[in-house]
Amino acid sequence: MQSFPIFLTLQDRAVLVVGGGEAAARKAELLLAAGARVSLIADTVVGEIAQLIAEARVSWAGRVFDDHDLDGMALVIVATADEALQARVSHAARQRSLPVNVVDRPALSSFIMPAIVDRAPVTIAISTGGAAPALARRLRAEIERALPATIGRLARFADIFREQVRRTLERPRDRRRFWDRVFAGRIGELALAGDEIAARRELIRLLDSARTETASLGMVHLVGAGPGDPDLLTMKAHRLLQQADIVVHDRLVSPEVLALARRDAERLYVGKRRGDHRLTQTEINDRLISLARAGNSVVRLKGGDPLVFGRGGEEIEALVAAGIPVEVVPGITAALGCAASAAIPLTHRDHARSCVFVTGQLRDGTIALDWPMLARPRQTVVIYMGVENLGLIAARLEEHGLPADTPVALVENGTTSRERRVVGTLATIEGQAARARLTGPTLCMIGEVIGVSLGRDQEFRFESRMGL
Ligand code: SAH
């Protein structure tokens, strides 16, 4: 580092500017912006500087330089073309250890004037150590373009709360994390947008929750991500995603939902699709525990609802056993999301008095389900993870008395823009599913209620005709 960058406080300090032209005017203006009292030494003044004098913003002695002009000055800037004068002022200032800059004469200067981006109170100073002032100006232009014009507003907003945050969060790490959340998240956006009232309200809420979080070190929030459409997240899930240090997710969580996590939150993918178990359940549990123990606010994001066929129960057990605080935030389970999206009433006064959710996954080569219970009339059966075993499921239900023409709907990637539906009957659905090549998460719904929506939903009716 060729020179040491600092920011000088010049509020109400006296500064001497030597020179009466354009260069002097530019320096005087910057100094005035920093609150300095500017005195000018020049035989003659022209242009803007004359204007500043006329407005009494700069005081002008109107005579030649004298060493005593340096008395009481905090800083000297020489902006005259008169080389003898440059050398004289520079020498006199250095003798008094007074910081002096001679415009474009690094050899005569004890400090460099950087290129400045001024978004008060945010100030960015750029220096190339005097080597390439043009490069510094280019950099300044790039930074100006990249920086929101209202960034200063954000800094002023943060300043209001600085003391309060310092008192509330004692550990520097907690404060750093808190401010990161403020600047990277919604609060920062609100402040930048000038909605200070909302920003204040949210900041106080965040400070409140940050306080309780640090009291209990880390914790795990078991959060339902819903079936895919990000609009179906709960507000609480959204807020936690904005505050998380780490988001642990698997395949079922849609990219659209994941995109709502705080930009610089760490994301940890733990896999889980049939045959793609990145980590075993025990490894996931252990990871959650160690992340929380390290003081992180962990959001364990699970597709749909965390406690519906999501092994959330096992994660809770492991966390509780390890003494880690757990909070569960429900989500819209696939059955509710898909039913809503396809306008299938899960219960209906005439067609379904009950509704059961079961898993169609094999265990030891069979599906251990209560078939007589599932084959009851006037009931909607929703099967998670069942699409691979549709043939087996349909055959069992028929064996136990459900008519072969009972309607069946399959919904793949329900509630997302990639949603597809296949509608048929117990007799036809296996073949239809094979032809449709369903590769995304798919939910199977069986029962007379599906016929109800066939009468209502144009698209559904069309697909069903195609399918049947
Ligand atoms: N906890 C989740 C279910 C996890 S089991 C929930 O509450 O929804 C995984 C199964 O859920 C998938 O095999 C599929 O049957 C179903 N599923 C999850 N998301 C789905 C979606 N968007 N569309 C259709 N089925 C979905």
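Worth saying up front: this structure is predicted, and the values here are computed from it rather than measured. (Residues numbered from 1 in each chain as written. Predicted model: local features only at pLDDT ≥ 70, side-chain atom pairs only at ≥ 80, totals over all residues. Heavy atoms only, no water.)

Enquirer: Whenever I open this one, unusual backbone geometry confuses me. Can you help?
Expert: Most peptide bonds take the trans form, and the phi angle of most residues other than glycine is negative. Look at the link from A120 to P121: it is a cis peptide, with omega at 0 degrees. Inspection of the secondary structure puts P121 in the loop between β6 (115–119) and β7 (122–126). The phi dihedral of R311 falls on the positive side, at around 60 degrees, and the residue is not glycine. As for its placement among the helices and strands, R311 is situated in the loop between β11 (297–302) and α12 (312–321). (Helix = DSSP H or I, 4+ residues; strand = E, 2+ residues; numbered from the N terminus.)

Enquirer: When you look at the pattern of salt bridges in this model, what are you seeing that I'm missing?
Expert: For the structure shown, the criterion picks out 20 salt bridges. Among the ionic pairs, R138 bridges to E142, the shortest N-O distance being 3.9 Å. With R138 and E142 both in helix α4 (residues 133–146), this residue pair falls four residues apart, about one helical turn. According to the relative accessible area criterion, R138 is exposed, its value standing at 54%. You can call E142 partly exposed: its relative accessible area is 40%. Between D245 and R181 there is a salt bridge, with its nearest N and O atoms 3.8 Å apart. (Salt bridge = Lys/Arg side-chain N within 4 Å of Asp/Glu carboxyl O. Buried < 20%, exposed > 50% of the residue type's maximum accessible area, 1.4 Å probe, protein only.)

Enquirer: What exactly am I supposed to notice about the site of the ligand here?
Expert: Close to the ligand lie 18 residues, the nearest being P227, V308, T333, G414 and T442. Measuring from a nitrogen atom of the ligand, one finds a backbone N or O atom of V308 at 2.6 Å. Here the ligand loses 92% of its free accessible area of 540 Å² to cover by the protein chains. Elements supplying a minimum of two residues to the shell around the ligand: α13 (334–341) and β17 (442–446). Grouping the amino acids of the shell around the ligand by side-chain chemistry returns eleven nonpolar, six polar and one charged. Here the shell around the ligand spans two domains, since at least three of its residues come from each of domain 3 (219–332) and domain 4 (338–467). (Near = heavy atom within 4 Å. Polar contact = N/O pair within 3.5 Å; in protein donor to acceptor, adjacent residues only side chain to side chain. Areas by Shrake-Rupley, 256 points an atom, 1.4 Å probe, with all protein chains shown as cover. Nonpolar A, V, L, I, M, F, W, Y, C, P; charged D, E, K, R; others polar. Domains from an automatic or database assignment.)

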